[in-house]
Amino acid sequence: MADHGKSVPDDIGRLSLGPAEPEGPAEPLPSRKGIVVFDITDRFSEAVKTLEPGEIVKDGFFTLFESVSALEIMDPKMDSGCIKPGDEIEELYDVSRPLLPEEVLGIIDQLICHEMSWHLGYPLSQTLFTSVYVEALLMPPPKDLDEARFFRGSEADAHNTPMLQVFRAYCLGMLKACGYVNDRIRYEHYYEEEDFVTNTYNRTLLTHIPPKSVQETILAAEEVLYSQKGSEKDDVLDAIMLRLQLRRIFLDAAQCSQHMKNLDAARAPWKDALAILPQIKSTHSLAKPVDEAFSAKLQMKLASTMPPRPIVELSFSDAFGHLDRLFRDGLEVVDVIEYTDSQCLQTFVSIFQAKKPQPLVYIRTLLQTFLFNEMEVLGSMSIRQLIDDDLSIITLPASPLLDRDNDAIEDVDDPRFVMSSQMELFRQRAAQPFLDVLRTACQNRCRVRRTLCHSIRDWENLQFDAEEIDQIIQVKTNERPLTHQSSLGTAPVESHALALSSWTYLYKLRKMEEIVQLGFELEVYQPDELAGMYWYLNYLAKSRVHHTERVKTFILHRVATARMQAERMDAATEKQLHRSLAYIRWAMLDAAVTWELSDTLSCLYTVLHRLDLIKSPKRPYSDDQLRYEVRMKPFAAIGLPSLPTFQDFTVGTTQPEVTTEELLEYGERALIGAKKGFEALSKLSEEESFSVGSHAGWLADIKNGLKSCIAAGIAMSTVQKALRKSKDAKDLGLKTEVPPPDKAYHEWWIVPRVAPI
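The present account deals with the structure reproduced in this document. (Residues numbered from 1 in each chain as written. Predicted model: local features only at pLDDT ≥ 70, side-chain atom pairs only at ≥ 80, totals over all residues. Heavy atoms only, no water.)

## Concerning the overall build of the protein
Short version of the rule: Segments assigned H or I by DSSP are reported as helices when at least four residues long, segments assigned E as strands when at least two residues long, and all are numbered from the N terminus. Method for areas: the Shrake-Rupley scheme with a 1.4 Å probe, in which residue coverage is limited to the protein chains shown. Think of it this way: Lys and Arg go in the positive column, Asp and Glu in the negative one, and His and the chain ends go nowhere. Charge coordinates come from a single atom per side chain, which is NZ of Lys, CZ of Arg, CG of Asp or CD of Glu.
When helices and strands are counted, the protein shows 21 helices and four strands. Expressed along its principal axes, the backbone C-alpha trace of the protein runs to roughly 105 × 75 × 70 Å. Per element, the accessible surface of the protein, about 37,800 Å² overall, is 53% carbon and sulfur. Distance from the positive charge centre (84 side chains) to the negative charge centre (112 side chains) of the protein: 5 Å.

The structure is reproduced here in C-alpha cells:
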C-alpha cells in the first residue's frame, strides 16, 4: 500500500499498525548487550492520530509476502489456523472407539468417494486427508507396518477390536495403492493442477512399506472377518469382505506394468475387479455413514501454503461410476501390449484417448508407461524397430535402406555404408517427433491440440533434414526417377521417391488436419467461422490426397520390381509389400472422406450464412482478417502446404461467383463421394484398416462419420425444398441450430440442424 506522505517520528521503527496499549504500570523492558530498548507506545499513539481514516504508513522493508500474510491472519477463508469462537483447534474424534460393521462399511464407502475425487483431480487435502483415520495412520510417519496404526501407545492392543483391525487393513491397502498411483503419474508426462495434484503435503503414503506386507495384512483381516460370521450381520461382513478383496486387487492392478511380457497376468487383476464391482454397488445400502470421521480441520496440519478448502463431496453413485470406468479402461489399456504394427498402435492410442468421457489421468499415464518405460516400446521393442516398422508400411516396403546387414559394412565407398549412416542420422532426428505422436495423444484433449500446434514445427524442420538425406542416398544409390501423374490433371512429371521426406510430409499433413479437427471438438470456432475452417480442412485434405497418390506411384513400382526380381519371395517380404498396399488403400480412403465431407459442410455453412440462418455476432474489437490470422497462427510457420492468403481464404469460403443453388448441388455431389468412402472404410477388416486391438472403436467412429453424412444430406435437402417453395430467399421459414460437439454424431463433423419453423 502506498505512503500518503504524512510525517511521523523517525524512531517509530518497523511496526505494524494496531490499537494502542492501555496505560498501566510500565513493565521491565528486556535488554541485551549492545541493544537499547525503550517504550514507544506514547509516540506511536500520537503518530496514529495524524493519519486520516484509510491511510497507512508502509515501511520499505515490509514485503509483499508479509503484507499478504498479515491480511490472511484471522480470515476464515485464508487463514488455515483460524477457528470459530468456542470451537476446538484439534479434531476430538476418538479413532480408538469401537466401530459397528455398518459404520466400517460406511466409512469405507466414504473413502471410496474421496479416492475417486482425488483421481478426478482434487487434492488430497480436500479428499482422503480429511479422514481422521488416515491422519492417525500417517502421522507421525510410520517406520514400518507395525507402527501404521490408528492408536499408538502402550494400550494400543487393548483398542485393537476386530472391526478396527479390518478397517486398518483396508486403509493400508488404499494408501499403498494411492502411493503407486501418485508415483506413476509423477513419473510420466502430465500437467500439474490441470490433470492431477500429486502433492502429498509431507505425508508418505506408506512408501517404505513393502506391498507384500500390506497384502498379508489384508488377508489376515479377511480371516478375522470369517471368524466374526454368526456374531455379526453376515450380509454386512460379506460387503466388507468384497471391499477388502477390491483393495488387494487394486494393489495388483497398480503393479501390472511389471507384467508387460505376460498379457494374461497383466489383465487378471482388472478382470477380477470388474467381476466384484456389481456386488459392491448392490451392498452400499447396508452402510451407515460416519460424517464425524472426516474433518476439514485436518488441513491445518498439512504442509501447504494453500488456504483451507471445503471437503469435496462426491456421491457414491457418481464415485462408483468413475471406479467402474477406471477398471474398464484399465483392462482395455492393457491390450496395447499386444503389438501388431506401428499403425495399429497409433490407431489404438488415438481411439482409446478419444473416448468420451476421456480415461482418467492414471490410466493415461499407465498407457505412457506401457509405451515408453525404460526407453523401450511396449517393454520389448527399441525405438529403431518402431520407426523402421512404420517406414516399411508407408514408404519403404522391403527396402534395402532398412536392411540391418548394412550396419556391418565398413567400406565408406560402399552404397550400403551410406545407407546405414544416413538412415541412422534420420532416425536420430525423427525419433523425438515420432514418439511425440504417441506421447501427445496421451494428454487431455485441450493439451493434445495445444501440443500439436508446437510439434508441427518439429515435423517441418524434420522435413528439411529428410530432403537433404534423401538427396544424398539418391546420389549414392543411382536411383532413377519415375513419371508421376497427378489427379489434378496436370502434365506428368518425373521425380524421385524421396521416401524419407514423403513419410515426414504425410505425418505433418495428418497432424495439421488433426489440429483443425480438434478445434471443432473443443468448440474453438464460432458458428459463423465453421464454413471457413471446413474450407481450410478441405484444403489440407486435398494436399494429403495428392501426396498419397504420389507415394502410391512409388509403392506400386516397388511391388512390381520386387515381384519381377524374385521368382519366389520370402514370407517377410511378401507381408511387407501386402501391408504397404493395404495402407495406401486405407490412407486414400481416409483422406478422400475428409476431403469430401469437409467440402460438403463448407458449402452448407456458406449457404446458411448467405440466407441469414447463421448470423455473425457483433465484434467491435475484431474483424475478419484478425480472426483469420488468429486461426491460422499455428500454420503460419509451415512452408508446405503454403498458407492461403486472406483473400484466397475469403473467396474460398464465400464463393461469390457461385449461386446458392449451385453450391448446394456441388455439396450434394461431394456428399455422395463421402458416403461411398465411409461405406468402403466400414467394410475393411481390422488388418486392412490397421485397427487390430481397437477395431470396434474404430468402426464406431467410421459409422458416426457416415451418420454425419446422412444428417448433412437431410439439412441440405431441407434448404433446397425451402428455396423452391419460397419467393423470398431471406424468409424461408427455417431455423438453424448448430449442435455442440457432444450432441453431434461425430465431434469432428458438426452438422447443423435445419428445420421448418
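## A look at the nonpolar core
What counts is decided by this rule: In this description, a nonpolar core means a group of buried Ala, Val, Leu, Ile, Met, Phe, Trp, Tyr and Cys residues linked to one another through side-chain atoms lying within 4.5 Å. Classification of residues uses two cut-offs on accessible area relative to the type maximum, computed with a 1.4 Å probe and protein chains only: under 20% is buried, over 50% is exposed, and between them is partly exposed. Contacts are assigned to residue pairs that have any heavy atoms within 4.5 Å of one another.
Ranked by internal contacts, the top residues of the largest apolar core, which has 211 residues, are Leu111, Tyr133, Phe167, Leu371 and Trp503. Not counting the four nearest positions on each side in its chain, Phe167 is found in contact with Leu99, Val104, Ile107, Ile108, Leu111, Tyr133 and Phe150.

## Examining the packing of aromatic side chains
We apply this condition: Stacked, edge-to-face and tilted labels apply to pairs of Phe, Tyr and Trp rings (six-membered ring for Trp) whose centres lie within 6.5 Å, assigned for plane angles under 30 degrees, over 60, and everything in between, in that order. Definition used: whenever NZ (Lys) or CZ (Arg) falls within 6 Å of the ring centre and also within 35 degrees of the ring normal, the charge is taken to sit over that ring.
Inspection of every chain in the model, using the stated rule, returns 28 aromatic pairs. Note on Tyr93 and Tyr133: the rings are 5.6 Å apart at their centroids and 75 degrees apart in plane angle, and the pair reads as edge-to-face. Of this pair, Tyr93 sits in the loop between α2 (64-72) and α3 (101-119) while Tyr133 sits in helix α4 (residues 132-138); the two residues are 40 residues apart in sequence, bridging distant segments of the chain. The two residues Tyr93 and Tyr133 agree in class, both being buried. Linked through ring pairs, Trp535, Tyr536, Tyr539, Tyr628, Phe635, Phe646 and Phe649 together constitute an aromatic cluster. Above the face of the Tyr191 ring, Arg447 is positioned so that its terminal group lies 3.9 Å from the ring centre. The lysine or arginine in question, Arg510, covers the ring of Tyr507, its NZ or CZ lying 5.0 Å from the ring centre.

## Quick look at the packing of helix α15 (residues 499-521) against helix α16 (residues 530-565)
Which entries qualify depends on this criterion: Lines are fitted to the C-alpha atoms to define the axes, a helix being fitted only along its stretch in contact, and any angle between axes, read from their N-to-C directions, falls within 0 to 180 degrees. Roughly parallel refers to an angle under 35 degrees, roughly antiparallel to one over 145, roughly perpendicular to one between 65 and 115, and oblique to any angle outside these ranges. The sense of a crossing depends on the near helix, which, turned anticlockwise from the far helix by less than a right angle, makes the crossing left-handed and, turned clockwise, makes it right-handed. Here the term charged refers only to Asp, Glu, Lys and Arg, the term nonpolar to Ala, Val, Leu, Ile, Met, Phe, Trp, Tyr, Cys and Pro, and the term polar to all other amino acids, Gly among them.
Their axes nearest at 10 Å, the elements α15 and α16 cross at an angle of 160 degrees. Relative to α16, α15 is oriented roughly antiparallel. Between α15 and α16 the crossing geometry is left-handed. Here the contact of α15 with α16 is composed, by residue class, of 14 nonpolar, five polar and four charged.

## Digging into the pattern of salt bridges
Threshold: The term salt bridge refers to a side-chain nitrogen of Lys or Arg lying within 4 Å of a carboxyl oxygen of Asp or Glu.
Summed over all chains, the structure comprises 36 salt bridges. A salt bridge links Arg267 to Asp335, with the shortest nitrogen-to-oxygen separation between them at 2.7 Å. One end of the pair, Arg267, is in helix α8 (residues 263-282); the other, Asp335, is in the loop between α9 (316-333) and α10 (342-353), and 68 residues separate them in sequence. A residue is classified by how much of its surface remains accessible, and Arg267, at 16% relative accessible area, is buried. Residue Asp528 is joined to Arg619 by a salt bridge in which the shortest nitrogen-to-oxygen separation is 3.0 Å. Within this pair, whereas Asp528 is found in the loop between α15 and α16, its partner Arg619 is found in the loop between α17 (571-610) and α18 (624-632), the two being separated by 91 residues in sequence. Judged by its relative accessible area of 14%, Asp528 falls in the buried class.

## Concerning the environment of Asp411
To keep it simple, the criterion reads: The term polar contact refers here to a pair of N or O atoms within 3.5 Å; inside protein, the definition further demands a hydrogen-donor-capable atom paired with an acceptor-capable atom, and it admits residues adjacent in sequence only when both atoms are side-chain atoms.
Within the element layout of this structure, Asp411 appears in the loop between α12 (383-394) and α13 (415-441). Only 3.1 Å separates the side chain of Asp411 from the backbone nitrogen of Asp413, close enough to count as a polar contact.

## Side note on the side chain of Arg203
Along the chain, Arg203 falls in the loop between α5 (162-187) and α6 (211-227). Polar contacts involving the side chain of Arg203 include one to the main-chain carbonyl oxygen of Lys301, which spans 3.5 Å. Those residues within four positions of Arg203 in sequence are excluded, and the remaining contacts are Phe129, Glu135, Leu138, Met139, Lys301 and Leu302.

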